[in-house]
Amino acid sequence: MTEAASTFYTPQSRFTDPRAMAWWFDGVRSDLSSIHAAACSLVFHYTANGDITRHGFAAGRIGEIDERYADVLLERLHELDPAPLGGVRALTDRVVGCCRDSTLLFVALARHHGIPARARVGFSMYLEPEWALDHVVGEVWDRNEGRWRLVDAQFAEHGAIDVLDVPRELFLTGPQAWAQCRAGLLDPDRFVVSPNRREQFLRSWPQLAHNVVQDLAALNKHEMILWDVWGLLGDETVDAEELAPKLDALAELLQAPDVMLERIISLFDDADWRVPETVASFSPAALGPARVTLRAD
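A few points on the structure. All figures in this text were calculated on a predicted structure; none of them were measured in a lab.

On to the overall build of the chain, then. Scanning the chain for helices and strands turns up nine helices and ten strands. Taking 19 Å as the expected radius of gyration for a compact globule of 297 residues, we find that the chain reaches 18 Å, a close match to that expectation. Each principal axis of the C-alpha distribution contributes one length, and for the chain these read about 55 × 45 × 40 Å. When the 297 residues of the chain are sorted by exposure, 52% land in the buried category.

Written out as structure tokens, the structure is:
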């Protein structure tokens, strides 16, 4: 890792900053296992085995999936159960969210303890056979081994996969997935939010494109909600054939985020890609898209 990457990915972002709840992180030990154990016990996935009410949640709590800031999530968690982080929590004492929220809190904890960390948006090859599912994991710097380590903060464990060191071939970042599909190495129709979701914009090339842009944002410490849309992907007047070469170039650049960090940060100043002050959010908890104004940096 370059010195610039260490300097950039250690401080909190406006999304991961625990603000007044930082004291709650102090009780979590700074080793990777402890950080992961604390993070993976805080979020209940909103699609787990159907409707959340089947698990004892009030129906109105589905709105928690749209909370995007770590301090807000932590305040809600503390309201539900003020016990120290890292212990066993009842399911209904977790916030309702998804992989993005587990990763957000994992990254926030790692950064709190001075560990360079970032979110990566892409596709898991290990969650469902034959499918590459839309997923977010953490990427944390392992000082002992001198490498970035992929960490799945959604699960305490998952089959034969080491969730503290997910194999690179089993999680493809959005840029990697786009590049491999464009090269004909992988079938784009395998890449979906869920095999059961038939909406075309949640499958194949549209979802691949979405995750390239989401990963660019994450690499720039904009840990966005997965149903946020902005820039070129939110412009219905942009022709798909025109967009593909732009995404090819972007995906190639993002293959080496540490080496190309200055260019990636510079590229994020481009209005085509940069997260603006207001984004469109297509929340599964809402009846239609909403315009959301973000906190100022």
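A word on the pattern of salt bridges. Enumeration according to the criterion identifies 21 salt bridges in this entry. Between Glu-139 and Arg-168 there is a salt bridge, with its nearest N and O atoms 2.8 Å apart. One end of the pair, Glu-139, is in strand β4 (residues 132-142); the other, Arg-168, is in the loop between β5 (147-151) and β6 (171-173), and 29 residues separate them in sequence. Salt bridges sharing common partners tie together Arg-118, Arg-120, Glu-139, Arg-168, Asp-215 and Asp-258.

What links the strands of a sheet is backbone hydrogen bonding, and the strands pair in either a parallel or an antiparallel sense. Strand order in this open sheet of three strands is β8-β9-β10, and the pairing throughout is antiparallel. Looking at which strands have only one partner, the edges of the open sheet turn out to be β8 (228-229) and β10 (290-293). Pairing geometry for strand β9 (residues 278-281) and β10, over four bridges, is antiparallel. Note that in β10 the partner of Val-279 across the bridge is Val-292.

A few words now on the nonpolar core. If you look at the biggest cluster of nonpolar residues, it comprises 67 residues, and the most contacted ones within it are Phe-191 and Leu-247. Here Leu-247 is in contact with Trp-178, Ala-209, Val-212, Val-213 and Trp-273, once residues within four sequence places are set aside.

It is the contact of helix α4 (residues 70-80) with helix α5 (residues 99-112), at a shortest axis distance of 10 Å, that shows an interaxial angle of 100°. The orientation of α4 with respect to α5, classified from their angle, is roughly perpendicular. Contacts from Ala-70, Leu-73, Leu-74 and Leu-77 in α4 reach Asp-101, Leu-104, Leu-105 and Ala-108 in α5.

Further remarks concern helix α8 (residues 240-253). Given a rise of 1.5 Å per residue, 14 residues ought to cover 20 Å, and the 20 Å separating the end C-alpha atoms of α8 matches this to within 8%. Buried within α8 we find Leu-243, Ala-244, Leu-247, Leu-250, Ala-251 and Leu-253. Lining the buried residues of α8 we find α6 (174-182), α7 (204-219) and α9 (261-267).

Moving on, we come to the packing of aromatic side chains. Applying the stated rule across the entire model yields nine aromatic pairs. Both rings, one in Phe-8 and one in Tyr-9, keep their centres 4.9 Å apart while their planes meet at 75°; by these two values the pair is edge-to-face. Residue classification places Tyr-9 among the buried positions, given a relative accessible area of 0%. For the ring pair Tyr-46 and Trp-227, a centre distance of 5.9 Å and an interplane angle of 80° mean the geometry is edge-to-face. One end of the pair, Tyr-46, is in the loop between β1 (43-45) and α4; the other, Trp-227, is in the loop between α7 and β8, with 181 residues separating them in the sequence. Like Trp-227, Tyr-46 is buried.

With that out of the way, let us pick up the pairing of β5. For β5, a buried count of four out of five residues is recorded, marking the element as mostly surrounded by other parts of the structure. Where β4 lies against β5, five bridges are found, and the strand directions are antiparallel. The residue of β5 that forms the bridge with Trp-141 is Trp-148. Connecting β4 to the antiparallel partner β5 that follows it, the hairpin turn spans four residues, and Gly-146 within it adopts a positive phi of roughly 65°.

In this section: helix α3 (residues 32-39). Among the residues of α3, those classed as buried are Ser-34, Ile-35, His-36, Ala-38 and Ala-39. Where α3 is buried, its residues touch α5 and β5.

What follows covers the environment of Arg-68. With respect to the element layout, Arg-68 can be found in the loop between β1 and α4. In sequence terms Arg-68 and Val-140 are 72 residues apart; their C-alpha atoms lie 21 Å from each other. Contact partners of Arg-68, with chain neighbours within four places excluded, come to Phe-15, Arg-100, Leu-104, Met-224, Ile-225, Asp-228, Ser-281, Val-292 and Leu-294.

Definitions and limits used
- Residues numbered from 1 in each chain as written.
- Predicted model: local features only at pLDDT ≥ 70, side-chain atom pairs only at ≥ 80, totals over all residues.
- Heavy atoms only, no water.
- Helix = DSSP H or I, 4+ residues; strand = E, 2+ residues; numbered from the N terminus.
- Rg over C-alpha atoms; globule rule 2.2 N^0.38 Å.
- Buried < 20%, exposed > 50% of the residue type's maximum accessible area, 1.4 Å probe, protein only.
- Salt bridge = Lys/Arg side-chain N within 4 Å of Asp/Glu carboxyl O.
- Pairing = 2+ DSSP bridges.
- Core = buried A, V, L, I, M, F, W, Y, C linked by side-chain atoms within 4.5 Å.
- Contact = heavy atoms within 4.5 Å.
- Axes fitted to C-alpha atoms, helices over the stretch in contact; angles between N-to-C directions.
- Parallel < 35°, antiparallel > 145°, perpendicular 65-115°, else oblique.
- Expected span 1.5 Å × (residues − 1).
- Phe/Tyr/Trp six-rings, centres within 6.5 Å; stacked < 30°, edge-to-face > 60°.

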